[in-house]
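Okay, here's what each chain looks like letter by letter:
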Amino acid sequence: MTEDPGKATSTGVHLSDAQRLAWLRLIRSENVGPATFRTLLNHYGSAAEALRRIPDLSRRGGSKRTIRICSLQDAEAEMALAERIGARFVALGEPTYPALLRQIDGPPPLIAVRGSTDVLNRAAIAIVGSRNASLAGIKMTERLVHGLSREDLVIVSGLARGIDTAAHKASLATGTVAVLAGGLDHIYPPENEPLLRAIIDAGGAIIGEMPFGWSPRAHDFPRRNRLISGLSLGVVIVEATKRSGSLHTARFALEQNREVFAVPGSPLDPRSEGCNRLIRDGAVLIRDAADISAELSPSQGSLFDPHRGAEEPDRDAGDISPQEPDDSARTRIADALGPTPTGIDDLIRHTGLPAGMVHVILLELELAGRLERHGGQRVSLLL
């Protein structure tokens with residue numbers, strides 16, 4: 001018997017405490033990412049039932065060992081830690097889940113939040129850039145923030161040194177959101193802990209999707225950057241070298257149908273190389289906040305719909321079929337896949353298998369650690 005999918009209202013779903021624990025256990029289990037989480041809920045109706053099914057799915061996908069499932073004790077301990085530092089978990093589909101973040105490909109099923117959730121559902125612009133920011137870059141950031149704040153736009157950034165720090169400080173009085181790459185109890189860089197407290201005291205918010213106790217690693221920052229762009233109508237790059245992580249944020253913005261803005265700089269300054277290249281490749285050159293507002297006006301209303309994408313995940317079964325795959329179907333999918341990312345729709349057309357069955361086989365492979373998901377609904381086989 002599956003659990004009650006939660007209390008639905010006209011503005012979304014409200015999970016019970018037991019359901020929130022089950023969601024946390026599921027997303028913290030091995031090889032379960034946002035897309036896999038959604039497929040599991042769609043197919044099995046609840047996180048509790050999905051947790052029961054995971055070991056068999058992993059075995060059918062070819063795993064040679066028992067998959068690690070987050071225990072109830074570990075989930076309860078994380079919930080208790082969150083409560084001790086004043087954080088809470090907000091689930092996809094709940095009214096306080098950020099409206100824009102719901103619309104990205106693979107939104108996190110749960111986000112941890114410290115501070116106000118009200119600021120998460122206001123129209124926002126991301127400002128990111130070099131950690132080794134110049135004085136001119138910091139002054140430009142402050143100028144942009146002051147202009148955007150007059151348009152009642154919240155500022156989103158990553159709490160990093162340099163441009164991020166300047167953006168948060170300049171927007172304390174008007175609304176700012178900091179997205180962390182690690183757990184909300186691991187502030188990076190450590191010297192920004194006073195800034196974090198100031199953001200919370202001013203009515204802003206700190207959010208993240210990683211487990212409490214998680215120290216950020218290099219590969220966690222691109223994952224964070226996808227949330228920065230996902231929370232925003234557009235992304236502004238103030239200063240960026242040619243290998244800056246801010247360029248990842250710009251790429252995610254394009255994938256998420258967000259605007260990309262860049263501040264031009266001297267060709268002689270390495271900190272401007274990334275921005276100048278973005279402009280050459282089609283980003284909007286900006287001189288002030290008015291340039292940003294002029295580009296957003298036509299699209300802001302259509303993008304920022306607080307009810308768009310607010311359907312309850314447990315009830316969105318899509319094209320998931322109750323028919324279970326056989327070994328022949330699994331072989332056809334495995335033979336069609338390789339190390340080159342392939343579109344799932346292309347995979348369905350090529351194999352002729354029902355879409356629901358293909359999703360289940362991909363789910364098995366991912367839980368077995370044999371599949372990698374990419375942007376644009378593409379997957380590849382890990383050889």
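Before going into details, it helps to say that this report is about the structure given with it. (Residues numbered from 1 in each chain as written. Predicted model: local features only at pLDDT ≥ 70, side-chain atom pairs only at ≥ 80, totals over all residues. Heavy atoms only, no water.)

1. Section: the overall build of the protein chain
Note the cut-off: Only DSSP runs of H or I reaching four residues or more are called helices, and only runs of E reaching two or more are called strands; each is numbered from the N terminus. For every residue, the accessible area (1.4 Å probe, protein chains only) is compared with the maximum for its type, and the residue is labelled buried under 20%, exposed over 50%, or partly exposed between those bounds. Contacts are residue-level and defined by heavy atoms, with any inter-residue pair within 4.5 Å sufficient. A 1.4 Å probe and the Shrake-Rupley method give the accessible areas. Residues count as covered only by the protein chains that appear here.
The number of helices and strands found in the protein chain is 14 helices and 14 strands. A total of 383 residues make up the protein chain; the buried ones form 55% of that total. Residue pairs in contact within the protein chain that sit at least 24 positions apart in sequence constitute 72% of those at least 6 positions apart. A total of about 16,600 Å² of accessible surface is found on the protein chain, and carbon and sulfur atoms cover 50% of it.

2. Details of the pairing of strand E8 (residues 205-208)
Stated precisely, the cut-off is as follows: Criterion used throughout: strands pair if DSSP finds at least two bridges between them. By the criterion used throughout, a crossover qualifies as right-handed when its path from the first strand across the helix to the second strand runs clockwise, the strands pointing away from the viewer.
Residue alternation in E8 divides its side chains into two sets, Ala205 and Ile207 and Ile206 and Gly208, and both sets are buried. Where strand E4 (residues 110-115) meets E8, four bridges bridge the pair, whose relative direction is antiparallel. Residue Arg114 lies in a different strand from E8, and its bridge partner there is Ile206. Handedness of the crossover joining strand E7 (residues 176-179) and E8 through helix H7 (residues 193-201) is recorded here as right-handed.

3. What to know about the pairing of strand E3 (residues 87-91)
The side chains of a regular strand alternate between both faces of the sheet. Counting buried positions along E3 gives four out of five residues, so the element sits mostly inside the fold. Where E3 and E4 come together, five bridges link them in antiparallel fashion. Looking at E4, one finds that Val90 is bridged to Ile111.

4. Let's talk about the sheet that holds strand E14 (residues 378-381)
For the record, the criterion: Axes here refer to lines fitted to C-alpha atoms; in helices the fit is confined to the stretch in contact. Angles between the N-to-C directions go from 0 to 180 degrees.
The strand order across the open sheet built from three strands is E12-E14-E13, with neighbouring strands paired in antiparallel fashion. If you trace the sheet from one side to the other, it starts and ends with strand E12 (342-343) and strand E13 (371-374), each paired once. Strand direction decides the pairing type here: E12 and E14, joined by two bridges, are antiparallel. Bridging across to E14, Gly343 finds its partner in Arg378. Together, E13 and E14 form the strand contacts of helix H14 (residues 355-367), whose direction differs from that of E13 by roughly 115°.

5. Observations concerning the nonpolar core
Across soluble globular proteins, you tend to see nonpolar side chains buried next to one another. Quick note on the threshold: Think of a nonpolar core as a cluster: buried Ala, Val, Leu, Ile, Met, Phe, Trp, Tyr and Cys residues, connected wherever their side-chain atoms sit within 4.5 Å.
One finds Trp23, Leu26, Leu40, Val177 and Ile207 to be the most contacted residues of the largest nonpolar core, which totals 70 residues. By residue number, the principal contributor to this core is helix H1 (residues 17-27), which donates six residues. Not counting chain neighbours up to four residues away, the residues in contact with Val177 comprise Val119, Leu120, Val154, Ile155, Val156, Ser157, His168, Ala205, Ile207 and Leu231. Within the second largest apolar cluster, 24 residues are counted, among which are Ile125, Ala133, Met140 and Ile286.

6. Side note on the sheet that holds E3
Strands sit in the order E3-E4-E8-E7-E6-E5-E9-E10-E11 across an open sheet of nine strands; the sheet is mixed. Edge positions in the sheet fall to E3 and strand E11 (284-285), since each of these pairs with one other strand and no more.

7. Notes on the environment of Pro189
Residue placement: Pro189 occurs in the loop between E7 and H7. Residues Pro189 and Ala160, spaced 29 residues apart in sequence, show a C-alpha to C-alpha distance of 6.5 Å. Apart from residues lying up to four places away in sequence, Pro189 is in contact with Leu159, Ala160 and Arg161.

8. Some points on helix H6 (residues 163-170)
The periodicity of an α-helix, 3.6 residues per turn, causes residues three or four positions apart to be oriented the same way. Counting buried residues in H6 gives seven out of eight residues, a clear majority hidden from the surface. Within H6, burial applies to Ile163, Asp164, Thr165, Ala166, Ala167, His168 and Ala170.

9. Digging into the pattern of salt bridges
What counts here: Whenever a carboxyl oxygen of Asp or Glu lies within 4 Å of a side-chain nitrogen of Lys or Arg, that contact is scored as a salt bridge.
Here the structure, examined in full by the defined rule, presents 23 salt bridges. Linking Glu364 and Arg60 is a salt bridge whose minimum nitrogen-to-oxygen distance equals 2.5 Å. On the criterion of sequence distance, the pair formed by Glu364 in helix H14 and Arg60 in helix H3 (residues 47-60) is long-range, its members being 304 residues apart. A salt bridge links Glu193 to Arg197, with the shortest nitrogen-to-oxygen separation between them at 4.0 Å. Placement of the pair is Glu193 and Arg197 together in helix H7, with a separation of four residues, close to one helical turn. Taking relative accessible area as the criterion, Glu193 reaches 36% and is therefore assigned partly exposed. We classify Arg197 as partly exposed; its relative accessible area is 44%. Counted as one network, the salt bridges with shared partners bring together Asp56, Arg59, Arg60, Glu324, Asp327, Arg330 and Glu364.

10. A word on unusual backbone geometry
Residue Pro189 is bonded to the preceding Tyr188 through a cis peptide linkage, with omega at 0°. The backbone phi angle of Asp152 is positive, close to 65°, even though this residue is not glycine. One non-glycine residue, Leu159, adopts positive backbone phi at about 60°.

11. Description of the packing of aromatic side chains
Rule in force here: Only Phe, Tyr and Trp rings are paired, with Trp represented by its six-membered ring, and only when their centres lie within 6.5 Å; those with planes under 30 degrees apart are stacked, over 60 edge-to-face, the remainder tilted. Two conditions define a charge located above a ring, namely a distance within 6 Å from the ring centre to NZ of Lys or CZ of Arg, and an angle within 35 degrees of the ring normal.
As enumerated under the stated definition, the model contains three aromatic pairs in all. With 5.8 Å between their ring centres and 70° between their planes, Phe89 and Phe212 make a pair best called edge-to-face. Of this pair, Phe89 sits in strand E3 while Phe212 sits in the loop between E8 and helix H8 (220-230); the two residues are 123 residues apart in sequence, bridging distant segments of the chain. Here Phe89 falls in the buried class, since its relative accessible area comes to 6%. Under the relative-accessibility criterion, Phe212 is labelled buried at 11%. In this arrangement the basic side chain of Arg131 is found over the ring face of Phe221, its NZ or CZ atom lying 5.7 Å from the centre. Directly above the ring of Tyr188 sits Arg161, whose terminal nitrogen or CZ lies 5.8 Å from the centroid.

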